[in-house]
Amino acid sequence: MAKDEGRSCVRVFSPVIERRSFERLVLEAGLRGALERDELVLHYQPKRRIATGDISGVEALVRWRHPALGLVSPARFVPLAEETGLIVPIGRWVLATACAQAVAWQRQGLAPLRVAVNLSPRQFADETLLADIEAALAGSGLPPDLLELEITESMVVENLGHTLPLLTALRERGVHLAIDDFGTGYSSMALVKQFPVDTIKIDRSFIRDVLSNPEDTAIAEAVLALGKALDLTIVAEGVETAAQEAFLRERGCDEMQGYLFSRPLPPDEMAAFVTDYELSRLKVLAAGQEGT
Ligand code: C2E
Ligand code: MG
Ligand code: MG
Ligand code: MG
């Protein structure tokens, strides 16, 4: 018995787990000062309207330029920031930076691009969120209509009495609202009925095998039908192949986002991407007119 317990203790402190908690310690210690040391950066991923080819906007995605670990993905530190509460100041920085970037691109001569910012549950529960959003808009001069907030099902369900008035106030202000990772939560349908959302993003996990897995096909088709019936914009996440895009086009999906169109890019590369893309479309248009 004692021997068994001894063995399971040894298992608990296996090198893998030890390494993981060590990494966690390193990340947590570093994350506290990451904002002040200017180590966080935003990359931006464009979304494309499937029917017209227009770029409909970009999503801001945070990364951490860690001095020793290199570029750390949000999957590794956002949950940690969420647990420690650091997501509140980090989220405030993301909002302000994304709004300022959208205005900066316009000053550089790009057409206005709507910028989407991910919110986390902890931020949503924080009383300063509305003030933070107002400050980001006022500080940058970005029109509210060019800001979109991506929320997940779990964060709105948790405290309906608080979130419904907040989301309604934001919507009345002209800010766009999107439900992110749609279909992965437990009350998707109730949400679209109760909340003033504009957009639903079909989670990448349903798009990956949408052509080969009958369940994923059925779910994607059901979300697209729901979007049509309720007059919502439907965005497919994680589109990586032309075949996936064709499937979505045939079924009237409004927008796509994914590596097929572009990976998330640093701000300068994003501006160059948009300029090149618009130029190539103009060339195609001009060639078409010459032909007729
Ligand atoms: P998300 O909001 O669902 O963002 C989409 C994720 O899918 C991004 O990962 C993006 O890089 C990735 N992605 C896009 N297209 C493709 C594709 O074609 N194939 C594959 N395999 N992946 C694709 P990323 O940037 O690592 O972000 C992960 C998650 O971290 C985000 O999921 C979001 O929940 C969270 N996150 C990112 N930035 C922020 C932030 O500023 N604040 C908060 N609270 N969460 C954030
Ligand atoms: Mg998102
Ligand atoms: Mg998403
Ligand atoms: Mg997702």
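Residues numbered from 1 in each chain as written. Chains lettered and ligands numbered in written order. Predicted model: local features only at pLDDT ≥ 70, side-chain atom pairs only at ≥ 80, totals over all residues. Heavy atoms only, no water.

## A short note on the site of ligand 1
So, step 1. Every one of the 23 residues lining ligand 1 counts as a neighbour, but Arg63, Asn118, Asp180, Glu240 and Tyr259 are closest to it.
So, step 2. Side-chain polar atom of Gln45 to a nitrogen atom of ligand 1: 3.1 Å apart, as the coordinates give it.
So, step 3. Between Tyr259 and ligand 1, the recorded distance is 2.8 Å, taken from a backbone N or O atom to an oxygen atom.
So, step 4. Coverage of ligand 1 by the protein amounts to 83% of the 810 Å² it exposes when considered alone.
So, step 5. Looking at side-chain class alone, the shell around ligand 1 contains 10 nonpolar, five polar and eight charged residues. (Near = heavy atom within 4 Å. Polar contact = N/O pair within 3.5 Å; in protein donor to acceptor, adjacent residues only side chain to side chain. Areas by Shrake-Rupley, 256 points an atom, 1.4 Å probe, with all protein chains shown as cover. Nonpolar A, V, L, I, M, F, W, Y, C, P; charged D, E, K, R; others polar.)

## A few points about the coordination of the magnesium ion (ligand 4)
So, step 1. The coordination sphere of the magnesium ion (ligand 4), as far as protein atoms go, consists of Asp181 (OD), Asp203 (OD) and Glu237 (OE), spread over 2.1 to 2.8 Å.
So, step 2. The metal-metal distance between the magnesium ion (ligand 4) and the magnesium ion (ligand 3) is 3.1 Å, with Glu237 coordinating both. Placement of the pair is Asp181 in strand S6 (residues 176-182) and Glu237 in the loop between strand S8 (233-236) and helix H12 (242-250), with a sequence separation of 56 residues.
So, step 3. Judged by relative accessible area, Asp181 falls into the partly exposed class, the value being 24%. (Donors = N, O, S within 2.8 Å, 3.2 Å for Na, K, Ca; no water. Helix = DSSP H or I, 4+ residues; strand = E, 2+ residues; numbered from the N terminus. Buried < 20%, exposed > 50% of the residue type's maximum accessible area, 1.4 Å probe, protein only.)

## Some thoughts on the coordination of the magnesium ion (ligand 3)
So, step 1. Taken together, Asp180 (OD) and Glu237 (OE) make up the protein donors of the magnesium ion (ligand 3), found 1.5 to 2.0 Å from the metal.
So, step 2. A separation of 3.4 Å is found between the magnesium ion (ligand 3) and the magnesium ion (ligand 2), which are bridged by Asp180. Of this pair, Asp180 sits in strand S6 while Glu237 sits in the loop between S8 and H12, placing them 57 residues apart in sequence.
So, step 3. Under the relative-accessibility criterion, Asp180 is labelled buried at 6%.

## Remarks on helix H4 (residues 87-107)
So, step 1. Compared with the 30 Å implied by 1.5 Å per residue over 21 residues, the 30 Å span of H4 between its first and last C-alpha is a close match.
So, step 2. Among the residues of H4, Ile87, Val88, Ile90, Gly91, Val94, Leu95, Ala98, Cys99, Gln101, Ala102, Val103 and Trp105 are the ones counted as buried.
So, step 3. Phi for Gly109, located one or two positions after H4, is positive at around 105 degrees. (Expected span 1.5 Å × (residues − 1).)

## Some thoughts on the packing of aromatic side chains
For any two aromatic rings, the description comes down to two numbers: the centre-to-centre distance and the angle of the planes.
So, step 1. Enumeration according to the criterion identifies five aromatic pairs in this entry.
So, step 2. Measuring from ring centre to ring centre gives 5.7 Å for Trp64 and Phe77, while their planes differ by 75 degrees; the resulting arrangement is edge-to-face. Of the two residues, Trp64 sits in strand S2 (residues 55-66) while Phe77 sits in helix H3 (residues 74-84), which places them 13 residues apart along the sequence. An identical accessibility class is assigned to Trp64 and Phe77; each is buried.
So, step 3. Their ring planes at 75 degrees and their centres at 5.2 Å tell us that Phe261 and Phe273 sit as a pair that is edge-to-face. In this pair, Phe261 sits in the loop between strand S9 (255-256) and helix H13 (267-291) while Phe273 sits in helix H13, placing the two residues 12 residues apart along the sequence.
So, step 4. One aromatic cluster is present, built from ring pairs that chain together Phe261, Phe273 and Tyr277.
So, step 5. A cation over an aromatic ring shows up here: Arg251 above the ring of Phe247, its NZ or CZ 3.7 Å from the ring centre.
So, step 6. Against the face of Tyr259 rests Arg263, its NZ or CZ located 3.8 Å from the ring centre. (Phe/Tyr/Trp six-rings, centres within 6.5 Å; stacked < 30°, edge-to-face > 60°. Lys NZ or Arg CZ within 6 Å of the ring centre and 35° of its normal.)

## Topic: H3
So, step 1. Of all the residues in H3, the buried ones are Phe77, Leu80, Ala81 and Glu82.
So, step 2. Positive backbone phi, at 85 degrees, marks Gly85, one or two positions downstream of H3.

## What to know about unusual backbone geometry
So, step 1. At Asp181, a position not held by glycine, the phi torsion is positive, near 50 degrees.
So, step 2. Located in the positive-phi region is Asp231, a residue other than glycine, with phi close to 60 degrees.
So, step 3. As for its position among the elements, Asp231 is in the loop between helix H11 (214-230) and S8.

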